[in-house]
Amino acid sequence: MRFCLLIMAKSPVPGQVKTRLCPPLTAEEAADVAAASLLDTLDAALSTPGAVPVVALAGVVRREDVRDALAECVVIPQRGWTFADRLVHAHADVARFGMPVLQIGMDTPQVTPELLESCAEFDEAALGFALDGGWWALGLRDPRRAEVLRDVPMSQADTGLRTLEALQGWTRTPGAPDGLRVRNLPILSDVDTMVDARAVAAQVPHSRFAATLTQIAAVAR
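The shown structure was predicted, so the numbers you read here are calculated from the model rather than taken from an experiment.

Participant: Give me the overall build of the protein chain: which residues, what numbers.
Facilitator: Secondary structure summary: the protein chain contains seven helices and seven strands in total. From first element to last, N terminus to C terminus, the protein chain shows the α and β order β-α-β-α-β-α-β-α-β-β-α-β-α-α. For 221 residues, the compact-globule estimate of 2.2 N^0.38 gives 17 Å, and the C-alpha radius of gyration of the protein chain, at 17 Å, lies within 12% of that figure. Viewed in the frame of its principal axes, the protein chain has a C-alpha envelope of about 65 × 35 × 30 Å. The long-range fraction of contacts in the protein chain, counting pairs at least 24 apart against all pairs at least 6 apart in sequence, stands at 66%. Carbon and sulfur atoms make up 53% of the accessible area of the protein chain, which totals about 10500 Å². A distance of 3 Å separates the average location of the 21 positive side-chain charges in the protein chain from that of its 27 negative side-chain charges.

Here it is in structure tokens:
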């Protein structure tokens, strides 16, 4: 089965990404961590059977290694003022491919091709909760159904639950009580804080992400 693997990403520019890692990291170090996370995510996406990787990108990419990795993907610009708007627009933009969509971010560098391939198996929708109460993955058979995200507050402790409720409350026709059938995906930790970063790095010790954190720690000593 072919599916669109939609990755919401932000260019790793110092001061604009992973700001919750500062301190203890500097803005430059946080950007390096973000770049490593994105590169590991792209590696997994490009190796996932059946996946057509599409990156919805915000910002201008200045790093050569990131540009090289993105050159192997379809890249589209993010559109919209709020994150919810950008999600809705990204799903609408990839609807033209006529494929089911599995959407992730760049904050879960521990994902593997096997995990992503498995998560793409769903009937109508799928949702992967994050440990912080948000979500790290959203699957939609019809990406136009992402419209329900407009009314979901993002980056809150109940964002995952409210997203699930929005999906389950979507109606096919006016007055119809039935919502989308949502498959529960594995729960992952995304990287927002240094506690998250260290925990994720321990899960994937041979990744770029872990190597970057180790190098930063070595320089700090």
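Participant: How would you explain the state of the cysteines if you had to name every residue and give the values?
Facilitator: Within this structure, the stated rule accounts for zero disulfides. No disulfide involves Cys73; its sulfur sits 11 Å from the nearest other cysteine sulfur, which is in Cys4. No disulfide involves Cys119; its sulfur sits 15 Å from that of Cys4, the nearest cysteine.

Participant: Summarise the packing of aromatic side chains; cite the residues concerned and give the values.
Facilitator: Across all of its chains, the model carries zero aromatic pairs by this definition. Positioned over the ring face of Phe122 is Arg141, at 5.6 Å from the centre of the ring.

Participant: Account for the layout of surface pockets, naming residues and giving values.
Facilitator: What the largest pocket holds in volume is close to 1000 Å³. Surrounding the largest pocket, 34 residues form its lining, Lys18, Phe83, Asp107, Ser155 and Asp192 being those nearest its centre. In the lining of the largest pocket, the residues fall into 13 nonpolar, twelve polar and nine charged. Considered as a void within the structure, the second largest pocket measures approximately 180 Å³ in volume. When residues of the lining of the second largest pocket are traced back to their parent elements, those giving at least two are helix 6 (194-203) and helix 7 (208-220). With six residues, the top contributor of residues to the lining of the second largest pocket is helix 7. Along the lines of polarity and charge, the residues of the lining of the second largest pocket split into ten nonpolar, one polar and two charged.

Participant: How would you explain the pattern of salt bridges if you had to name every residue and give the values?
Facilitator: Under the counting rule described, the total for this entry stands at twelve salt bridges. Among the salt bridges present, the one from Asp40 reaches Arg208, with a minimum N-O distance of 3.4 Å. Residue Asp40 is found in helix 1 (residues 27-46), and its partner Arg208 is found in helix 7; the two are separated by 168 residues along the sequence. In this structure, the salt-bridge partner of Asp142 is Arg145, at a minimum N-O distance of 3.4 Å. Residues joined by salt bridges that share partners form a network here, namely Asp32, Arg63 and Asp65.

What counts as what
Residues numbered from 1 in each chain as written. Predicted model: local features only at pLDDT ≥ 70, side-chain atom pairs only at ≥ 80, totals over all residues. Heavy atoms only, no water. Helix = DSSP H or I, 4+ residues; strand = E, 2+ residues; numbered from the N terminus. Rg over C-alpha atoms; globule rule 2.2 N^0.38 Å. Contact = heavy atoms within 4.5 Å. Areas by Shrake-Rupley, 256 points an atom, 1.4 Å probe, with all protein chains shown as cover. Lys, Arg positive; Asp, Glu negative; His and termini not counted. Charge placed at Lys NZ, Arg CZ, Asp CG, Glu CD. Disulfide = S-S within 2.5 Å. Phe/Tyr/Trp six-rings, centres within 6.5 Å; stacked < 30°, edge-to-face > 60°. Lys NZ or Arg CZ within 6 Å of the ring centre and 35° of its normal. 1 Å grid on protein atoms, 1.4 Å probe; cavity = no way out; pocket = protein on both sides within 12 Å on 5 of 7 lines; lining within 4 Å. Points joined across faces, edges and corners; volume = space filled by probe spheres on them. Nonpolar A, V, L, I, M, F, W, Y, C, P; charged D, E, K, R; others polar. Salt bridge = Lys/Arg side-chain N within 4 Å of Asp/Glu carboxyl O.

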